[in-house]
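A structural walkthrough
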Amino acid sequence: MSKGAPRISIIMPVYGVEDFVGKAIESVLAQTLEDFEFFAIDDGSKDNSGKICDEYAKKDKRLKVIHKENGGAPAARNVAIKQATGKYIYFIDSDDWIEPDYLKKMYNLAEKNEADLIITGFYMEYYQNGKDITYETNCDDIIYDAERFKENAHKYLNNSLLSLPWNKLYRAKRIHEENIVFPNAKWDDHHFNMDFLMNINGNVVISSMKKYHWYRSRKGSETMINYSDPNLFEKRKEHFEHVQKLYKHWGIMSPEIEDSISSYYMGRVVQCVQEVCDNKNLTRKEKHKKIEKIVNDKTVAKASAKAKSLSKKFKLASLPIRHRNAFLSFAEGSMISMLRTFAPSIFVKLKEREVHG
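Notes on the structure in this doc start here.

Conventions and cut-offs
Residues numbered from 1 in each chain as written. Predicted model: local features only at pLDDT ≥ 70, side-chain atom pairs only at ≥ 80, totals over all residues. Heavy atoms only, no water. Helix = DSSP H or I, 4+ residues; strand = E, 2+ residues; numbered from the N terminus. Rg over C-alpha atoms; globule rule 2.2 N^0.38 Å. Buried < 20%, exposed > 50% of the residue type's maximum accessible area, 1.4 Å probe, protein only. Pairing = 2+ DSSP bridges. Right-handed = clockwise from strand over helix to strand, strands pointing away. Contact = heavy atoms within 4.5 Å. Expected span 1.5 Å × (residues − 1). Arc of directions from axis to C-beta. Phe/Tyr/Trp six-rings, centres within 6.5 Å; stacked < 30°, edge-to-face > 60°. Core = buried A, V, L, I, M, F, W, Y, C linked by side-chain atoms within 4.5 Å. Salt bridge = Lys/Arg side-chain N within 4 Å of Asp/Glu carboxyl O. Polar contact = N/O pair within 3.5 Å; in protein donor to acceptor, adjacent residues only side chain to side chain. Axes fitted to C-alpha atoms, helices over the stretch in contact; angles between N-to-C directions. Parallel < 35°, antiparallel > 145°, perpendicular 65-115°, else oblique. Left-handed = near helix turned anticlockwise from the far one by under 90°. Nonpolar A, V, L, I, M, F, W, Y, C, P; charged D, E, K, R; others polar.

Attention now goes to the overall build of the protein chain. Per the secondary structure count, the protein chain includes 14 helices and 10 strands. For a compact globule of 357 residues, the expected C-alpha radius of gyration is about 21 Å, and the protein chain comes in at 21 Å, within 12% of that figure. Principal-axis analysis of the C-alpha atoms places the extent of the protein chain at approximately 60 × 45 × 35 Å. Put simply, the protein chain has 357 residues, and 55% of those count as buried.

Pasting the structure below:
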């Protein structure tokens, strides 16, 4: 960090969020830690998102707006990373918001503990059946040195604490020196985090504080995220293989870790089956073919055999997959899909308590 450089570089990709980006920007500009630079990267928005960012930038010099052709959030973040001069880097999504003391508390934790990485809990916000519903992702307060973190990292996979970018404060020096970037891939944030963790050598602080508000559905748009990508399973597999690559690089494996990461993957495989059944762009025959491929996949079979700590719900849901029964997997996936469509509040409650509790 050069002399006079800000404490934190904040990076926010922006695309098609004119109704929400103002709140996100205001939540950053209102931070009690004032020494930061704030990059808003307008990724070729067709609405007024970019103009809204420009208006805020006129009022506060800490906000720097970059306008670029549409290339996706990974490329947008990478553009700002190259320009970031702060000691730490923080990412925020442009349709979410953070509480006023979030950055200050993370910064203080990082400085006090000479940390490479700060990881915190967060809130998930839903709007279902005319009500605002909040779920929490919780974690304990603990400080790890690099070696102890590697031994315990598997505990933070299933609830997405490791995969997301905006519940973290990163030491910028490592990102710049190791040229860590967001790849042009689905769940680019997960891959970015796995690459950041590869050569972790400083302390990692896990904090129970929850100051980030992640909107999963909103008033006027109550539909939850639906992965209509027909190649979702292949991308989930890449996702899991990157986790395996991380542990191979660390040279750490135990029955407990193998069980934990396999159980994590099997939960995602169940989701893949449900998403195939939910996909309106596939015919029934195409759905059966994709599910057959999933249940007969060698990586799934290995993970299934090693996943001992799955919850009762996921054990039940994964039974047809474990027995490589495509017909029953399709039937169960269709039932879960129907629950999601006709009783979304129940679906959300079961899902979030299971995965993020």
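Pairing of strand β2 (residues 36-43) with strand β3 (residues 63-68) involves six bridges; the strand directions are parallel. Directly across from Ala40, in β3, lies its bridge partner Val65. At this point the chain moves from β2, through helix α2 (residues 49-59), to the parallel β3, and the crossover so formed is right-handed.

Let us look at the environment of Ile291. Along the chain, Ile291 falls in helix α10 (residues 284-295). Remark: the alpha-carbon pair of Ile291 and Tyr144, spanning 147 residues in sequence, is separated by 40 Å. The contacts of Ile291, once residues within four sequence positions are left out, are Val273, Val276, Cys277, Ala326, Ser329 and Phe330.

Attention now moves to the pairing of strand β4 (residues 88-91). Neither face of β4 is open: one carries Tyr88 and Tyr90, the other Ile89 and Phe91, and all of them are buried. Inspection of the sheet shows β4 paired to strand β9 (residues 168-171) by two bridges, in the antiparallel sense. Looking at the pairing, Tyr88 lines up with Arg171 of β9.

Before going further, it helps to examine α10. Spanning 12 residues, α10 covers 17 Å between terminal C-alpha atoms, matching the ideal 16 Å at 1.5 Å per step. Those residues of α10 lying buried are Lys287, Ile291, Ile294 and Val295. Relative to the axis of α10, the buried residues are bounded by an arc of 85 degrees and lie together on one face. In α10, those exposed residues whose orientation departs by more than 90 degrees from the buried face are Lys285 and Lys289.

Time to look at the packing of aromatic side chains. According to the stated counting rule, one finds 18 aromatic pairs in the structure shown. Arranged with centres 5.7 Å apart and planes meeting at 90 degrees, the rings of Tyr88 and Tyr107 form a pair that is edge-to-face. Taken together, the residues Tyr88 in strand β4 and Tyr107 in helix α4 (residues 102-113) connect sequence positions 19 residues apart. For Tyr88, a relative accessible area of 1% translates into the label buried.

This part covers the nonpolar core. Grouped together as the largest cluster of nonpolar side chains are 106 residues, with contacts concentrated most on Ile8 and Tyr90. Counting residues per element, this core draws most heavily on helix α9 (residues 255-278), which supplies 11 residues. Discounting chain neighbours no more than four positions away, the residues touching Ile8 are Leu33, Asp35, Phe36, Glu37, Gly86, Tyr88, Tyr90, Leu103, Tyr107 and Leu169.

Next up on the list: helix α8 (residues 232-250). Taking 1.5 Å of rise per residue, 19 residues should cover 27 Å, and α8 covers 28 Å from first to last C-alpha, within 8% of that figure. When α8 is considered as a whole, its buried residues turn out to be Leu232, Phe233, Arg236, His239, Phe240, His242, Val243, Leu246, Tyr247 and Trp250. Contact partners of the buried residues in α8: α5 (146-152), α7 (188-198), α9, α10 and α11 (298-306).

Our next topic: the pattern of salt bridges. One pass over the structure, following the stated rule, counts 20 salt bridges. Two residues, Lys64 and Glu37, come together in a salt bridge whose shortest N-O distance is 3.1 Å. Within this pair, whereas Lys64 is found in strand β3, its partner Glu37 is found in strand β2, the two being separated by 27 residues in sequence. The class for Lys64 is partly exposed, based on a relative accessible area of 37%. Here Arg171 makes a salt bridge to Asp116, at a shortest N to O gap of 3.3 Å. Here Asp116 lies in strand β6 (residues 115-128) and Arg171 lies in strand β9, a separation of 55 residues in the sequence.

If you trace the backbone, His249 turns up in helix α8. You can call His249 partly exposed: its relative accessible area is 45%. Placed 50 residues apart in sequence, His249 and Asn199 show a C-alpha to C-alpha distance of 8.7 Å. Excluding its chain neighbours within four sequence positions, the residues that come into contact with His249 are Met198 and Asn199. There is a polar contact of 3.4 Å between the side chain of His249 and the backbone oxygen of Met198.

As a further point, take the packing of α9 against helix α12 (residues 312-322). Packing of α9 against α12 leaves a shortest axis separation of 10 Å and a crossing angle of 65 degrees. Taken together, the axes of α9 and α12 are roughly perpendicular relative to one another. Handedness of the crossing formed by α9 with α12: left-handed. Where α9 abuts α12, its residues Met266, Gly267, Val269, Val270 and Val273 lie against Phe314, Ala317, Ser318 and Ile321. Looking at the contact of α9 with α12 residue by residue, the class counts come to seven nonpolar, two polar and no charged.

Any link to function would need more than the numbers given here.
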